Amino acid sequence: MPDLGVLAAAEAGMAVKRTALVPHPGGELAAVVAALLDGFDLVAVAANRIGDPLARKLSARARNRGAALIAVGPWPGAEVELSVARGRWSGLGVGHGHLTSHRVEVRARGRGAAARPRRTTFTLRGGTPLTPSSFEHMFDANTPAVRSEP
Amino acid sequence: MTRLLVLWCPDWPVVAAGTAAGLAVDAPAVVVSANQVVVANAQARRDGVRPGLRRREAQGRCPDIAVLQADVDRDARLFEPVAAAVEELAVGVEVVAPGVVAVPARGPSGYYGSEEAAAERLIDQVAIRTGAEAQVGVADGLFAATLAAHRGLIVPPDGSAAFLAPLDVRELPDRPDLVDLLRRLGIPTLGAFAALPHTDVTSRFGADAGHAHRLASGLEQRPPSRRRPPVDLSVTHIPDPPIDRVDAAAFASRTLGERLHSVLAAHGLACTRLAIHASTANGEDLVRLWRCADPLTPSGISDRVRWQLDGWLRGSNRPSAGITLLRLEPEETVDGHALQLELWQGGEQTSRAARAMVHVQGLLGQEGVLTPTLSGGRGPADQVTLTPWGDEQTPESPPDHPWPGRLPSPAPATIPTQRKPATVLDRDGGEVGVTGRFTLTGQPDEVAVDGTSRRVIAWAGPWPADERWWEKDNGRRRARLQVLLAEQSEVENQDALLLVRENEKWSVEGVYD
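Residues numbered from 1 in each chain as written. Chains lettered and ligands numbered in written order. Predicted model: local features only at pLDDT ≥ 70, side-chain atom pairs only at ≥ 80, totals over all residues. Heavy atoms only, no water.

(A) Fine view of the overall build of chain B. If you tally the helices and strands in chain B, you get 15 helices and 19 strands. Taken over C-alpha atoms, the radius of gyration comes to 30 Å for chain B, far larger than the 24 Å a tight globule of 513 residues would show. Counting only C-alpha atoms and orienting by the principal axes, one finds that chain B spans roughly 90 × 65 × 50 Å. Summed over its atoms, the accessible surface of chain B is roughly 27,400 Å², and 51% of this surface lies on carbon and sulfur atoms. In chain B, which carries 53 positive and 67 negative side-chain charges, the distance between the mean positions of the two groups comes to 3 Å. (Helix = DSSP H or I, 4+ residues; strand = E, 2+ residues; numbered from the N terminus. Rg over C-alpha atoms; globule rule 2.2 N^0.38 Å. Areas by Shrake-Rupley, 256 points an atom, 1.4 Å probe, with all protein chains shown as cover. Lys, Arg positive; Asp, Glu negative; His and termini not counted. Charge placed at Lys NZ, Arg CZ, Asp CG, Glu CD.)

(B) Up close: the sheet that holds strand β2 (residues 29-33) of chain B. Residues and elements named next belong to chain B. With mixed pairing, 3 strands are arranged side by side in an open sheet as β3-β2-β4. The open sheet has two free edges, formed respectively by β3 (36-40) and β4 (66-69), since each of these has just one partner strand. For this sheet, the mean inter-axis angle between neighbouring strands, taken without regard to orientation, is 40°. Relative to β4, β2 runs parallel, the two being bridged by 4 bridges. When the bridges of β4 are listed, Val31 appears paired with Leu68. Strands β2, β3 and β4 of the sheet are contacted by helix α1 (residues 12-21), whose axis makes an angle of about 100° with β2. (Pairing = 2+ DSSP bridges. Axes fitted to C-alpha atoms, helices over the stretch in contact; angles between N-to-C directions. Contact = heavy atoms within 4.5 Å.)

(C) Spatial organisation of the nonpolar core. Residues and elements named next belong to chain B. Among the nonpolar cores identified, the biggest contains 29 residues, and Phe143, Leu147, Phe163, Leu164, Leu172, Leu190 and Phe193 are the most heavily contacted of them. Looking at this core, the elements that each hand over two or more residues are β1 (3-8), β6 (100-104), α7 (142-151), α8 (160-164), α9 (176-184), α10 (190-194) and α12 (207-216). Per element, the largest residue contribution to this core is 6 residues, and it comes from α7. Core analysis: the next-biggest nonpolar cluster, separate from the first, contains 25 residues, Leu256, Leu274, Leu286 and Leu296 among them. (Core = buried A, V, L, I, M, F, W, Y, C linked by side-chain atoms within 4.5 Å. Buried < 20%, exposed > 50% of the residue type's maximum accessible area, 1.4 Å probe, protein only.)

(D) The arrangement of the interface of chain B and chain A in detail. With 49 residues of chain B in contact, the opposing surface of chain A contributes 45 residues. Around 3,800 Å² of area is buried between chain B and chain A when both sides are counted, 62% of it from carbon and sulfur atoms. The interface formed by chain B and chain A includes 1 salt bridge. The residue Glu487(B) makes a salt bridge to Arg88(A) at a minimum N-O spacing of 3.8 Å. Summed over the shared surface of chain B and chain A, the number is 12 residue pairs in polar contact (both at pLDDT 80 or more). Among the elements of the structure, α15 (348-364), β12 (370-374), β13 (384-388), β16 (452-467) and β17 (476-485) of chain B are those that each provide at least two residues to the side of chain B that touches chain A. Considering each element in turn, the side of chain B that touches chain A owes the most residues, 9 residues, to α15(B). (Buried area = accessible area lost by both parts, 1.4 Å probe. Salt bridge = Lys/Arg side-chain N within 4 Å of Asp/Glu carboxyl O. Polar contact = N/O pair within 3.5 Å; in protein donor to acceptor, adjacent residues only side chain to side chain.)

(E) Here's a closer look at the UniProt feature "domain: UmuC" (unreviewed entry) in chain B. Following the UniProt record, the feature "domain: UmuC" (unreviewed entry) maps to residues 28-150 of chain B here. Helix makes up 50% of residues 28-150 of chain B and strand 24%, and the two end C-alpha atoms of the span are 20 Å apart. (UniProt positions renumbered as here; feature names shortened; annotations may be inferred.)

(F) Seen up close, the pattern of salt bridges. Scanning the model with the defined rule gives 31 salt bridges over all chains in all. Arg61(A) is paired through a salt bridge with Asp38(A); the nearest N and O atoms lie 3.0 Å apart. On the criterion of sequence distance, the pair formed by Arg61(A) in helix α3 (residues 52-65) and Asp38(A) in helix α2 (residues 29-39) is long-range, its members being 23 residues apart. Accessibility expressed as a relative area gives 29% for Arg61(A), which makes it partly exposed. The exposure class assigned to Asp38(A) is partly exposed, which follows from its relative accessible area of 23%. The shortest N-O distance in the salt bridge between Asp180(B) and Arg184(B) comes to 3.3 Å.

(G) Representation of the packing of helix α4 (residues 72-89) of chain B against helix α6 (residues 115-130) of chain B within the structure. Residues and elements named next belong to chain B. Running from amino to carboxyl end, α4 crosses α6 at an angle of 135°, the nearest separation of the two axes being 9 Å. Between α4 and α6, the interaxial angle falls into the category oblique. Here α4 runs over α6; the crossing is right-handed. Taking contact as the criterion, the partners of Pro81, Val82, Ala85, Val86, Glu88 and Leu89 in α4 are, on α6, Arg121, Leu122, Gln125, Val126, Arg129 and Thr130. A per-class count over the contact of α4 with α6 returns 7 nonpolar, 2 polar and 3 charged. (Parallel < 35°, antiparallel > 145°, perpendicular 65-115°, else oblique. Left-handed = near helix turned anticlockwise from the far one by under 90°. Nonpolar A, V, L, I, M, F, W, Y, C, P; charged D, E, K, R; others polar.)

(H) Representation of the packing of α1(B) against α4(B) within the structure. Residue and element names in this part refer to chain B. With their axes 9 Å apart at the nearest point, α1 and α4 run at an angle of 90° to one another. For the element pair α1 / α4, the angle class is roughly perpendicular. Here Trp12, Pro13, Ala16, Ala17 and Ala20 of α1 lie close against α4, whose contacting residues are Arg74, Asp75, Leu78, Phe79 and Val82. By residue class, the composition of the contact of α1 with α4 is 8 nonpolar, no polar and 2 charged.

(I) Looking closely at helix α13 (residues 246-266) of chain B. Residues and elements named next belong to chain B. The first and last C-alpha atoms of α13 sit 30 Å apart over 21 residues, in line with the 30 Å expected at 1.5 Å per residue. Among the residues making up α13, those that are buried are Ala249, Ala252, Ser253, Leu256, Gly257, Leu260, His261 and Leu264. The buried side chains of α13 occupy one side of the element, clustering within an arc of 165° when seen end-on. Turned more than 90 degrees away from the buried face of α13, the exposed residues are Phe251, Arg254 and Ala266. Just downstream of α13, Gly268 is the residue with a positive phi angle, here 70°. (Expected span 1.5 Å × (residues − 1). Arc of directions from axis to C-beta.)

(J) How the structure looks around the domain arrangement of chain B. Segmentation of chain B into domains returns domain 1 (3-151), domain 2 (165-216), domain 3 (235-337) and domain 4 (420-512). For domain 2 of chain B and domain 4 of chain B, the distance between their C-alpha centres works out to 69 Å. (Domains from an automatic or database assignment.)

(K) Focus on the packing of aromatic side chains. In this structure the tally under the stated criterion is 2 aromatic pairs over all chains. Ring centres of Trp89(A) and Tyr512(B) lie 5.7 Å apart, and the angle between their planes is 75°; on these two criteria the pair is classed as edge-to-face. Of the two residues, Trp89(A) is situated in strand β3 (residues 80-92) and Tyr512(B) in strand β19 (residues 505-512); the pairing between them involves two chains. As far as the burial class goes, Trp89(A) and Tyr512(B) line up, both buried. Aromatic pair Tyr111(B) and Tyr112(B): ring centres 5.0 Å apart, planes at 90°, arrangement edge-to-face. (Phe/Tyr/Trp six-rings, centres within 6.5 Å; stacked < 30°, edge-to-face > 60°.)

Here it is, written out as structure tokens:
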């Protein structure tokens, strides 16, 4: 993810001091993700194509280390898949103002307890900071992937 | 006394900083630390900029001077290629300081016929391999050889004392007080200082002045050592059967790491630079140096050995046979008490993360892992400074200063690394531009990026960013525009873009998603 907007992530509550970026893992993607899972609690990976066996191996490693693996893009065998739709911005007029808040509808589907697709609407940016509680009410049971959201 | 050949790169900190900053070689530049000039290059010196000046004063004397920050790590890192280039032609290379390498003169001068020929070869080699300018000096003893290198001289054998005698006493390194005192006593040259009896100098001015006196007399700094020769601190492991699998390597590395650490601890030392040698059954030799800022702990040593073996065994050019001999050599040691960690430092999680990052750096190189710091600036990309993990994190510009015209929050979540051209059209299909007074030439109605064009439903701007106009080369004049593009259907997202116009062209600077 070389094009990640670190500033936006910081505004969303990411602790910049406790973050490391590996912008170009290249051909060593699997080894890099495995190494990062050993050291970090939360690893986000953007992989365009990832093989089924490799994805399974990395998921197993994450589970084993108690780390959360967030894939930006498709990931075979993911516990929960989150997607956004109906994103609506407000604050910007015609020639005045600036973007202030972003309301989105988040859709979740997955396996196990999260198998039933759900959707909810909330303000992503500019509103009150996200808290785990805004996610938790989406599911009857707390699946690990959801609890570890930042 | 050993005859040494010293290769010296003039004003190395400036050269290194300039290379890192992408400056032209002939631009006047200084390296400053704590607001004082530490080193100035020849172009800056021509305008009267001297070490010790305040930054402002240097800028006053030479207005177009480039001011660079001192960074010893960077100097040392960029000097490695120079040392490697010298090493290709001469054995026993010793990096004295970033910018200075010494090699025993006997080998190369015998091989190339004469000391002059060897010096010429080395200068050419360094210039070809690294583009750095260098001078060579040959003399007996490191001090005389370094001074000879500053002058590009070859001092005849046993001529060090005669060479040093007429030189200014200020050439003595790192002893400003002593030099000042000697000059006030009317001792202007090294020769005059050397003429004093050694015992008198030592009893009157102390042991350090005694060392300086030895240097001035053309002798080695310390008298011939009466200690026993340094013990061999390396540890060797001959695995049986040969290591060809990573799990076997992990096992071997753990025992080796602990052994090396206990050998070092027995001598009261800890290792900061570690050479890992491996030989395979087919006679291949693999060597890699690991340098680290903190002294290595036993687990630190074994981690590095494991990663290195991992890299060799899994890399693209893996050795053709199993590893039959493994040797660890501490290349650089420090006193062992430096290893005592602070009680509240780090914690298990931090060190776990640090280990993971060093591991990834082993796979991808030092620039592979970046740590972000928030810094000051107006655009979204300016407000983040990325530094390779392990380097000191200093924001490029102070984050706590006011930055008028800073982009309002929230910031775009995606910042394309490649410039993505865009076109902004008004209702009549004409291109919308920005005038010199930062007003739009039309109302944006349509934005096309990557060939697809979408209607604009809201926009704001242009927000001017006229930055660093007082610098000739770094000045940038830009205008930013925030646009909200219409959704394509009820369930689709609205896309918001941050467009920037520079040099009469629009491009996408950020995507709000």
